[in-house]
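Commentary on secondary and tertiary structure
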Amino acid sequence: PVLAFGIAAMPKNSMDEDAGNMIDTPAYQVLRAAGALCNQYRIHSADELDAIEPNSEAFTNCLLDSFCLPFSCMFKTFEVPAGNVTMVEDGRGKYEFRKEGVHLICDPFYSVGETKEFDINTIIHGDRVLLVVEQGYVGLAMDKGQPVAPPPPAPAHNLSFSLPSPRSFVPL
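Let us look at the structure shown here. Everything quoted here is computed from the prediction, not taken from an experiment.

**With respect to the overall build of the protein chain**
Of the regular secondary structure elements, the protein chain holds two helices and ten strands. What you see in the protein chain, going N to C, is helices and strands ordered as α-α-β-β-β-β-β-β-β-β-β-β. Burial statistics for the protein chain: of 172 residues in total, 39% are counted as buried. Contacts in the protein chain between residues far apart in sequence, at least 24 positions, make up 69% of those at least 6 positions apart. Of the roughly 9100 Å² of accessible surface on the protein chain, 56% is carried by carbon and sulfur atoms.

This is the structure in structure tokens:
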């Protein structure tokens, strides 16, 4: 599946040329006519993820882990593999995703959570949601009580509000 995530990379309710014929199917024509398709949260590549970039190097993290053992509670070192995101909480109520690469966090209040692959349908982390929709399916999410149906190919959402029940996908 193609990954899309984050805050709008294209104007609201605009259709994308690279989605090609998928949006011209009868099922999508009905959804578009009803105003039910939403591109607000769509992006075009993993580079556009609303996630923190890597900020360290493996050698730096190795040195810190080896020689600063008594102070290890003051920092976190970790690596995010390609095709994954790591969930991080800052201890003050803010949730983040971290992109692939080597990371160093110098704050004792941060906690590093699970690392998950993009191919999982839905990743929920606090008020953050990563929704990957496979081609030929429609994703359904709720935006402040209103249904959001992202068009193909494989949109995903980073919603800055509660998303109590992201749905699995409905084949078209």
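**Some thoughts on the environment of His-103**
Mapped onto the secondary structure, His-103 falls in strand β4 (residues 101-105). Since its relative accessible area comes to 0%, His-103 is described here as buried. When the C-alpha positions of His-103 and Lys-76 are compared, they lie 8.1 Å apart, and in sequence the two are 27 residues distant. Excluding residues that lie within four positions of it along the chain, His-103 makes contacts with Ile-52, Glu-53, Pro-54, Asn-55, Ser-56, Asn-61, Lys-76, Thr-77, Phe-78, Val-80 and Arg-98.

**Examining a nonpolar patch on the surface**
A surface patch of nonpolar side chains, amounting to about 370 Å² of accessible area, comprises Phe-59, Leu-63 and Phe-67. Within the element layout of this structure, Phe-67 appears in helix α2 (residues 58-67).

**Structural notes on the sheet that holds strand β3 (residues 95-98)**
Overall, antiparallel pairing links the three strands, which are arranged β3-β2-β5 in an open sheet. Single-partner strands in this sheet number two, and they are β3 and β5 (111-117). Adjacent strand axes in the sheet meet at a mean angle of 25 degrees when their direction is disregarded. Both strand β2 (residues 84-89) and β3 contribute to a ladder of four bridges, which runs antiparallel. Bridge assignment links Val-88 to a residue of β3, and that residue is Glu-96.

**Regarding the pattern of salt bridges**
For the coordinates displayed, the defined rule picks out five salt bridges. Where salt bridges share partners, they join Lys-94, Glu-96 and Arg-98 into one cluster.

**Quick look at the pairing of strand β7 (residues 128-131)**
Side-chain alternation along β7 places Arg-128 and Leu-130 on one buried face and Val-129 and Leu-131 on a second face that is also buried. As paired strands, strand β6 (residues 122-125) and β7 are joined by four bridges and run antiparallel to one another. What sits directly across from Thr-122, in β7, is Leu-131. In this structure, the hairpin formed by β6 and β7 is closed by a connection of two residues, where Gly-126 is found at a positive phi of approximately 60 degrees.

**Some points on the side chain of Glu-96**
Locating Glu-96 in the fold gives a position in strand β3. Glu-96 gets classed as buried once you look at its relative accessible area, which sits at 6%. For Glu-96, the side chain forms a polar contact with the side chain of Arg-98, separated by 3.1 Å.

Conventions adopted
Residue indices begin from 1 for each chain and proceed along its sequence in written order. Side-chain atom pairs in this predicted model are given and counted only at pLDDT of 80 or more, local residue features only at pLDDT of at least 70, and totals for whole chains, interfaces and linings cover all residues. Computation of side-chain values: all heavy atoms of the structure, hydrogens and water removed. Strands are runs of DSSP state E lasting at least two residues, helices are runs of H or I lasting at least four, and both sets are numbered from the N terminus onward. Exposure classes here rest on a 1.4 Å probe applied to the protein chains alone. A residue is buried below 20% of its type maximum, exposed above 50%, and partly exposed in between. Every residue pair with non-hydrogen atoms within 4.5 Å of one another is taken to be in contact. Note on areas: Shrake-Rupley, 1.4 Å probe, and residue coverage restricted to the protein chains presented here. A patch consists of residues whose relative accessible area exceeds 30% and which take part in no salt bridge; residues with like charges are grouped when within 9 Å of each other, and nonpolar side chains (Val, Leu, Ile, Met, Phe, Trp, Tyr) when within 5 Å. Salt bridge, as used here, is a side-chain nitrogen of Lys or Arg placed within 4 Å of a carboxyl oxygen of Asp or Glu. In short, DSSP must find at least two bridges between two strands for them to pair. Inter-axis angles, ranging from 0 to 180 degrees, are taken between N-to-C directions of lines fitted to C-alpha atoms, where helices are fitted over the stretch in contact. Whenever two N or O atoms come within 3.5 Å, that pair is a polar contact, provided that in protein one can donate a hydrogen and the other can accept it, and provided that, for residues adjacent in sequence, both atoms are side-chain atoms.

Just distances and angles here, no functional claims.
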